[in-house]
Amino acid sequence: MKSVPIKRLGKQDRERKVLLGLVDYYIRTGKPVGSNTLKEAGFGDLSSATIRNYFANLEEEGYLLQSHSSGGRIPTHLAYRAYAHAHASSDKIGLASDSFADLKEVESREIAAFLQQAAEKLSQVTNCAVFLSAPRFDHDFIRDLKLVPLDAYRCLCILITDFGVIQTEVMHLPVKLSSFAIKRIECYFHWRLTNLGQPENLEPEEEAIGQSFYNELMLRYIVGYSNFIDEDLYRTGFSRLLVYPDFQDTSLLASGLSLFENAHSMRLLLKECKALDQLKFWIGDDLDAYASSSPSCSVLAIPYYINKKAVGAVGLLGPMRMPYQTLFQVLREFSENVSETLTRNIYKFKISFRQPETNMLYLQKEEHRLIGQSRLMLLEDKRETDNL
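All values derive from a computational prediction rather than experimental measurement.

About the cut-offs
- Residues numbered from 1 in each chain as written.
- Predicted model: local features only at pLDDT ≥ 70, side-chain atom pairs only at ≥ 80, totals over all residues.
- Heavy atoms only, no water.
- Helix = DSSP H or I, 4+ residues; strand = E, 2+ residues; numbered from the N terminus.
- Buried < 20%, exposed > 50% of the residue type's maximum accessible area, 1.4 Å probe, protein only.
- Areas by Shrake-Rupley, 256 points an atom, 1.4 Å probe, with all protein chains shown as cover.
- Phe/Tyr/Trp six-rings, centres within 6.5 Å; stacked < 30°, edge-to-face > 60°.
- Salt bridge = Lys/Arg side-chain N within 4 Å of Asp/Glu carboxyl O.
- Patch = residues over 30% accessible without salt bridge, like charges linked within 9 Å, V, L, I, M, F, W, Y side chains within 5 Å.
- Pairing = 2+ DSSP bridges.
- Axes fitted to C-alpha atoms, helices over the stretch in contact; angles between N-to-C directions.

(A) Looking closely at the overall build of the protein. Looking only at helices and strands, the protein features 12 helices and 12 strands. In the protein, buried positions account for 46% of the 388 residues. A total of about 19800 Å² of accessible surface is found on the protein, and carbon and sulfur atoms cover 52% of it.

(B) How the structure looks around the environment of Y225. Mapping Y225 onto the fold places it in helix α8 (residues 204–226). A sequence separation of 87 residues divides Y225 from D138, and the C-alpha atoms of the two residues are 8.8 Å apart.

(C) Geometry of the packing of aromatic side chains. A complete count under the given rule lists 12 aromatic pairs for this structure. With a centroid separation of 6.5 Å and an interplanar angle of 75 degrees, the aromatic rings of W282 and Y290 are classed as edge-to-face. Each member of the pair, W282 as well as Y290, is classed as buried. In this structure an aromatic cluster arises from ring pairing among Y80, Y83, F281, Y324 and F328.

(D) Here's a closer look at the pattern of salt bridges. Going through the model one piece at a time under the given rule, you end up with 20 salt bridges. Of the charged contacts, one joins E110 and R143 as a salt bridge, the two residues approaching to 2.9 Å between their closest N and O atoms. Taken together, the positions of E110 in the loop between α5 (101–104) and α6 (111–126) and R143 in strand β5 (residues 142–151) put the pair 33 residues apart, joining distant regions of the chain. A salt bridge links D144 to K146; its shortest N-O distance comes to 3.5 Å. Since its relative accessible area comes to 35%, K146 is described here as partly exposed. Within the structure, one salt-bridge network assembled from shared partners comprises R81, D285 and D286.

(E) Just a nonpolar patch on the surface, in detail. A surface patch of nonpolar side chains, about 230 Å² in accessible area, is lined by V148, L150 and V170. Residue position: V170 is located in strand β7 (residues 166–172).

(F) Quick look at the sheet that holds strand β10 (residues 298–306). Read across the open sheet, the five strands follow the order β8-β3-β11-β10-β9; overall the sheet is antiparallel. Only two strands of the sheet have a single neighbouring strand rather than two, namely β8 (232–236) and β9 (280–283). Each adjacent strand pair in this sheet contributes to an overall mean axis angle of 20 degrees, direction not counted. Pairing geometry for strand β3 (residues 129–134) and strand β11 (residues 309–318), over four bridges, is antiparallel. Residue pairing across strands places A129 opposite L317, the latter belonging to β11.

(G) Here's a closer look at the sheet that holds strand β6 (residues 154–161). Strand order across the open sheet formed by three strands is β5-β6-β7, with antiparallel pairing between neighbours. What marks the edges here is a single partner per strand, and that holds for β5 and β7. Averaged over neighbouring strand pairs, the angle between their axes works out to 25 degrees when direction is ignored. With eight bridges connecting them, β5 and β6 associate as antiparallel partners. Bridging across to β6, K146 finds its partner in I158.

Here's what the structure looks like:
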């Protein structure tokens, strides 16, 4: 379609086009925009005096700010919001269509690891912080247990599951253990998980600690896995926000990062996006309801799908001055590629999934069996201890 000359538009339309042009120029340069600058940037059909009049009207309406009487204008959150609305449905391609091509090639049952990899890739492409909500993928069992000593009486237990989920638990040590004892207890864990390679050189005290830890960790995992009341949340790209001039002010950075660190708020934003089943954005004071202080940042989010059903959403957090038009297209590409890969692998590996439920305990035969085994283990361990 042939573009309509600016002079042929109505006054309100011309004013709006000037506003969008100013925001676009400011996003690209970060410099306050004067009337002559905008005239040379594609508004040659309008005089500088006319552009200044439009600036004055837009400033009065709250869309622009002027730092001093002879300086250029900068957009407010209202202007960014108008700009985002104008481009939210645009199909203009901002990046090469193969930005996430490598994600489409993934074939793995490690679904959780894939989603974390995808979130990290999106953060690299956009240079924003990324947060992603996910359903719970069923029949995911512990594959490995690792121990990391923290001090004389505490260690960090790392649980690695078949789908690539990593969980951590801090456990209390009754005695200080050597690095060799830690390795022997890990071998004991491996034996209990696989029934292969029973350790022969365990000290009785080490075996007692291993039994206690194994039973405790198994029960913690199964109970947490079965009670699914909030979406799993993956976050990455925190430090990438430091490169933006907008976040050089520590107070602005702290307000943006406090929102990113609030898991409850992140889930609410993504839940709203998934419920609407469409791309969604929040700019400036749109986020007041989700943060303790008014964050000077923006959040963009889009759902992703399994078999055309929205099962989660991914969000970007960045400064208000960011290339919305390009990022909208990036998010659409990301959602399309992740959805295709998830759908293919879910069916290939016969993986089921579920959404959070507050009134139902999920325990199928496999989980009942594991809890039953854990209870027997506890009784057996107690009898063995009593016989010592």
